[in-house]
Amino acid sequence: MANYYQPEIETASREQIKAWQDERLVKTVERVWNNCEYYKNKMKAHGVEPGDIKSTEDLWKLPFVTKDDLRDAYPYGLMSAPLSDCVRIQSTSGTTGKRVVAFYTQNDINLWEDCCARAIMAVGGTKEDVVQVAYGYGLFTGGAGMHGGSHKVGCLTLPMSSGNTERQLQFMCDLGATIICCTPSYAAYLAENIHEKGLRDQIKLKAGIFGAEAWTEEMRRDIQAQLGLKAYDIYGLTELSGPGVSFECEEQTGMHINEDHFIAEIIDPKTGKVLPEGEKGELVFTSITKEAFPLLRYRTKDICVLSRKPCSCGRTHIKMSKPMGRSDDMLIVKGVNVFPSQIEMVLLNKGLTANYQIVVDRQGHSDSIEVKVEMTPELFSDKINHITEVEKEITEALKAVLGIYAKVTIVEPKSIVRSEGKAVRVIDKRNLYNN
Ligand code: DLL
């Protein structure tokens, strides 16, 4: 297949998109009611039946689905297709509790790969491109999704998976990869290695498709400068298929949500009330084309804003902002809300690296927060005698943004563990005392 762009879908009129959503929502509600006992009981308990849902205007009548539902119903309880119709499972990397397991029919895989193909096309990908997929393969959705999307576009696909950085760099250079797909923290690590090995002249990358974790505009700026490519964001979650729920186009002012497959809402995370377009809140998705594992009003916990402002790329699908953190990522330190992304922004703006760690602890009744951050090797040799001054400067900058005192410790280059997948940036020792 030479070209995968689906303009008739991606630039459809708002009326057409609404018509698709209305029809597909009604079908999906019937599907879960008829095929999934867990959903039927949940809807009954909420006093709603399929006949009550006639269009997207009725969406609010449906109960929310949360990660707790997925855990309660683990492993098969939320399926809406017979197991014999399924061809794949994928799973989250969840570190606590039971993993979330998602099921796919062949049709589900096909539509998911379409979404990933759209993301690759949106960064200018064509059949002439060489796509290095450095997201993890296996249960994690990153590798499988982008791999399938790359095939659909007709790109030469390098199924590298994450890790084995030496080999990544060798193939990147020898096979002339033009597009790289990986987490932003792994992209930063690859950039560091490319710089150290003096390989910058040998790489041909023009675009990177980075997602699966939060990253700031400051990090985008640094990765672009170091790798000489344009860095695009991509968003998704296992529960909804994986990467490709939304993706950036060249305008880079938010990610277009594939609205022919997903209906997005923003709610107040405390009250559950639906908020108007433009307001910040928790992102909620309803999948309307999935067969095996459709989710109605799934609460993602990701905090963002939706916008229907016309986009210069011509795509009409609604855009979501970069997630500003997850409601469960938010740290409450000394009673103040702290998002790791606020800290990252300050560090990068002060010329430090994205290699940092946030340690939260409690002494008696008082919380403490420490930010350990690496200096770049250049800064390290330059400022070694002035470290306390640098620490003081960052402490003040953090205080201005967070409103609380955070201890800053500059550490040696390379002393913070690098990530090949999603970076673990927060160590909250207070959790130990709660268990
Ligand atoms: O991370 C799917 C994915 C793979 C997306 C590759 C993009 C690229 P999960 O492991 O289920 O799935 O994690 C989903 O990761 O709820 C967000 O909190 C976070 N996340 C995903 N993409 C982004 C992004 C994959 N672009 C969870 N920016 C989501 C910020 C992201 N957070």
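Residues numbered from 1 in each chain as written. Predicted model: local features only at pLDDT ≥ 70, side-chain atom pairs only at ≥ 80, totals over all residues. Heavy atoms only, no water.

So, about the pattern of salt bridges. Per the counting criterion, the structure on display carries 30 salt bridges. One salt bridge connects Glu10 with Arg315, and the closest N-O pair in it is separated by 2.9 Å. Taken together, the residues span a long stretch of sequence, with Glu10 in helix 1 (residues 7-10) and Arg315 in the loop between strand 13 (306-307) and strand 14 (319-320) at a distance of 305 residues. Assessed through its relative accessible area of 8%, Arg315 is described here as buried. Between Arg430 and Asp367 there is a salt bridge whose closest N-O contact spans 3.1 Å. Within this pair, whereas Arg430 is found in helix 13 (residues 430-434), its partner Asp367 is found in strand 18 (residues 366-374), the two being separated by 63 residues in sequence. Across the pair, Asp367 and Arg430 agree in class, each one buried. Salt bridges sharing common partners tie together Arg362, Asp367, Asp428 and Arg430. (Salt bridge = Lys/Arg side-chain N within 4 Å of Asp/Glu carboxyl O. Helix = DSSP H or I, 4+ residues; strand = E, 2+ residues; numbered from the N terminus. Buried < 20%, exposed > 50% of the residue type's maximum accessible area, 1.4 Å probe, protein only.)

What follows concerns the sheet that holds strand 10 (residues 262-267). Taken together, the 3 strands give an open sheet; going across it, the order is 10-11-12, and neighbouring strands pair in antiparallel fashion. In the strand order of this sheet, the two ends are held by strand 10 and strand 12 (298-304), each with one partner. Each neighbouring strand pair of the sheet contributes to a mean axis angle of 30°, computed without reference to strand direction. Pairing of strand 10 with strand 11 (residues 281-287), which is carried by 6 bridges, proceeds in the antiparallel orientation. Within strand 11, the residue paired with Glu265 across the bridge is Val284. (Pairing = 2+ DSSP bridges. Axes fitted to C-alpha atoms, helices over the stretch in contact; angles between N-to-C directions.)

One open sheet holds the 4 strands; their spatial order is 19-18-17-20, and the pairing between them is mixed. Of all the strands in the sheet, just strand 19 (407-411) and strand 20 (426-428) have a single pairing partner and so form its edges. The mean inter-strand angle of the sheet, taken between neighbouring strand axes irrespective of direction, is 20°. Sitting on the sheet, helix 10 (residues 340-349) touches strand 17 (356-363), strand 18 and strand 20, and the angle it makes with strand 17 is about 125°. Against the sheet, helix 12 (residues 387-402) makes contact with strand 18 and strand 19, and its axis sits at roughly 140° relative to strand 19, the strand it touches most. (Contact = heavy atoms within 4.5 Å.)

With 13 residues, helix 6 (residues 141-153) should reach 18 Å at 1.5 Å per residue; the first-to-last C-alpha distance of 18 Å fits that figure. In terms of burial, helix 6 is a largely internal element, 11 of the 13 residues being buried. Taken together, the buried positions of helix 6 are occupied by Thr141, Gly142, Gly143, Ala144, Gly145, Met146, Gly148, Gly149, Ser150, Lys152 and Val153. Residue Gly154 follows helix 6 closely and has a positive phi angle near 90°. (Expected span 1.5 Å × (residues − 1).)

So, on to the side chain of Gln132. Mapped onto the secondary structure, Gln132 falls in strand 3 (residues 130-133). Those residues within four positions of Gln132 in sequence are excluded, and the remaining contacts are Leu158, Met160, Gln168, Phe171, Met172, Ala177, Ile179, Ile180 and Cys181.

The immediate surroundings of the ligand are formed by 21 residues, with Asp233, Ile234, Thr238, Asp302 and Lys422 found nearest. Here Asp233 contributes a side-chain N or O atom positioned 2.8 Å from a nitrogen atom of the ligand. The side chain of Arg326 places a nitrogen or oxygen atom 3.0 Å from an oxygen atom of the ligand. In the complex, the protein chains occlude 94% of the 600 Å² of accessible area that the ligand would expose alone. Broken down by secondary-structure element, the contributors of at least two residues to the shell around the ligand are helix 6 and strand 7 (230-237). With 5 residues, the top contributor of residues to the shell around the ligand is strand 7. For the shell around the ligand, a count of residues per class yields 9 nonpolar, 6 polar and 6 charged. (Near = heavy atom within 4 Å. Polar contact = N/O pair within 3.5 Å; in protein donor to acceptor, adjacent residues only side chain to side chain. Areas by Shrake-Rupley, 256 points an atom, 1.4 Å probe, with all protein chains shown as cover. Nonpolar A, V, L, I, M, F, W, Y, C, P; charged D, E, K, R; others polar.)

Next up on the list: the nonpolar core. One broad trend across soluble globular proteins is that nonpolar side chains are buried collectively. In this structure, Met146, Leu283, Phe285 and Met320 are the most contacted members of the largest nonpolar core, which totals 70 residues. Looking at which element gives the most residues to this core, the answer is helix 5 (residues 106-122), with 9 residues. In terms of nonpolar packing, the next biggest core, distinct from the first, is built from 28 residues, Ile223, Leu227, Leu229 and Ala354 among them. (Core = buried A, V, L, I, M, F, W, Y, C linked by side-chain atoms within 4.5 Å.)

Turning our eyes to something else, we now look at the environment of Arg31. Mapped onto the elements, Arg31 comes out in helix 2 (residues 14-35). Residue Arg31 is classed as partly exposed on the basis of its relative accessible area, which comes to 27%. As a C-alpha pair, Arg31 and Leu306 span 275 residues in sequence and 28 Å in three-dimensional space.

Right, let's get into the packing of helix 7 (residues 165-174) against helix 8 (residues 184-196). When two helices pack together, their arrangement is captured by the angle between the axes and the distance separating the axes. Packing of helix 7 against helix 8 leaves a shortest axis separation of 11 Å and a crossing angle of 75°. Between helix 7 and helix 8, the crossing angle belongs to the class labelled roughly perpendicular. Across the interface between the two elements, Thr165, Gln168, Leu169 and Met172 of helix 7 pack against Tyr186, Tyr189, Leu190, Asn193 and Ile194 of helix 8. Of the residues assigned to the contact of helix 7 with helix 8, the class counts are 6 nonpolar, 3 polar and no charged. (Parallel < 35°, antiparallel > 145°, perpendicular 65-115°, else oblique.)

So, on to the environment of Lys152. Here Lys152 lies in helix 6. Residue Lys152 is classed as buried on the basis of its relative accessible area of 12%. As for Lys152 and Ile120, which are separated by 32 residues in sequence, their C-alpha atoms are 9.6 Å apart. Within the structure, the side chain of Lys152 is placed 2.5 Å from the side chain of Asp114, a separation counted as a polar contact.

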